[in-house]
Amino acid sequence: MEHKDCGCRIKEVPRSEETVRQLENRLNRMIGQLGGIKKMIAENRYCGDILTQVSAVESALQGFGYMILREHMETCVSDGIKNGNTEIIGEVVDLIKKLK
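Rules behind the numbers
Residues numbered from 1 in each chain as written. Predicted model: local features only at pLDDT ≥ 70, side-chain atom pairs only at ≥ 80, totals over all residues. Heavy atoms only, no water. Axes fitted to C-alpha atoms, helices over the stretch in contact; angles between N-to-C directions. Helix = DSSP H or I, 4+ residues; strand = E, 2+ residues; numbered from the N terminus. Parallel < 35°, antiparallel > 145°, perpendicular 65-115°, else oblique. Contact = heavy atoms within 4.5 Å. Nonpolar A, V, L, I, M, F, W, Y, C, P; charged D, E, K, R; others polar. 1 Å grid on protein atoms, 1.4 Å probe; cavity = no way out; pocket = protein on both sides within 12 Å on 5 of 7 lines; lining within 4 Å. Points joined across faces, edges and corners; volume = space filled by probe spheres on them. Expected span 1.5 Å × (residues − 1). Buried < 20%, exposed > 50% of the residue type's maximum accessible area, 1.4 Å probe, protein only.

Undergrad: If you had to explain the packing of helix α2 (residues 47–82) against helix α3 (residues 88–99) to someone new, which residues and values would you point to?
TA: Contact geometry for α2 and α3: axes closest at 11 Å, N-to-C directions at 180 degrees. Here α2 lies roughly antiparallel to α3, going by the angle between them. Packed against α2, whose contacting residues are Gln62, Gly65, Tyr66, Leu69, His72, Met73, Cys76, Val77 and Ile81, the element α3 presents Ile88, Ile89, Glu91, Val92, Leu95, Ile96 and Leu99 at the interface. For the contact of α2 with α3, the class distribution of residues is 12 nonpolar, three polar and one charged.

Quick look at the structure:
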């Protein structure tokens, strides 16, 4: 199902409250880390320390992406295959490539 405003699709299997809470917590931590990096720049902090924080955010974001990918595989992809949509496998391969 596509959303009218952006052309993005709406997830047909709703996320559990627990999953939403976990994802939001991870996002909030990353937002906090990015705010910390912004502050470090304003304080003219040492480049090596800033790069360490950048690496931490990148790692957290990749972990977040893998959480979403796992959920996608367990719900949307699984249901798609059960319903005969084998094209979804190509979509997953493309998504995995984007996460690298």
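Undergrad: Describe the layout of surface pockets, naming the residues involved and giving the relevant values.
TA: Here the largest pocket defines a volume of roughly 770 Å³. Secondary structure elements with two or more residues in the lining of the largest pocket: α2 and α3. Broken down by element, the residue count for the lining of the largest pocket peaks at nine residues, all from α2. Along the lines of polarity and charge, the residues of the lining of the largest pocket split into 10 nonpolar, five polar and nine charged. A volume near 150 Å³ is recorded for the second largest pocket. Around the second largest pocket, the lining comprises 13 residues; the ones closest to its centre are Thr19, Met67, Arg70, Glu71 and Glu74. Only α1 (17–42) and α2 provide two or more residues apiece to the lining of the second largest pocket. At six residues, α2 tops the list of elements feeding residues into the lining of the second largest pocket. Its residues assigned to classes, the lining of the second largest pocket shows five nonpolar, three polar and five charged.

Undergrad: Explain α1 to me, using residue names and the numbers behind them.
TA: An α-helix turns once every 3.6 residues. As a result, residues three or four positions apart point the same way. Taking 1.5 Å as the rise per residue, α1 with 26 residues should run 38 Å; its terminal C-alpha atoms sit 37 Å apart, in good agreement. Those residues of α1 that fall on the buried side of the exposure criterion are Leu23, Met30, Ile37 and Met40. Where α1 is buried, its residues meet α2. Just downstream of α1, asparagine 44 is the residue with a positive phi angle, here 55 degrees.

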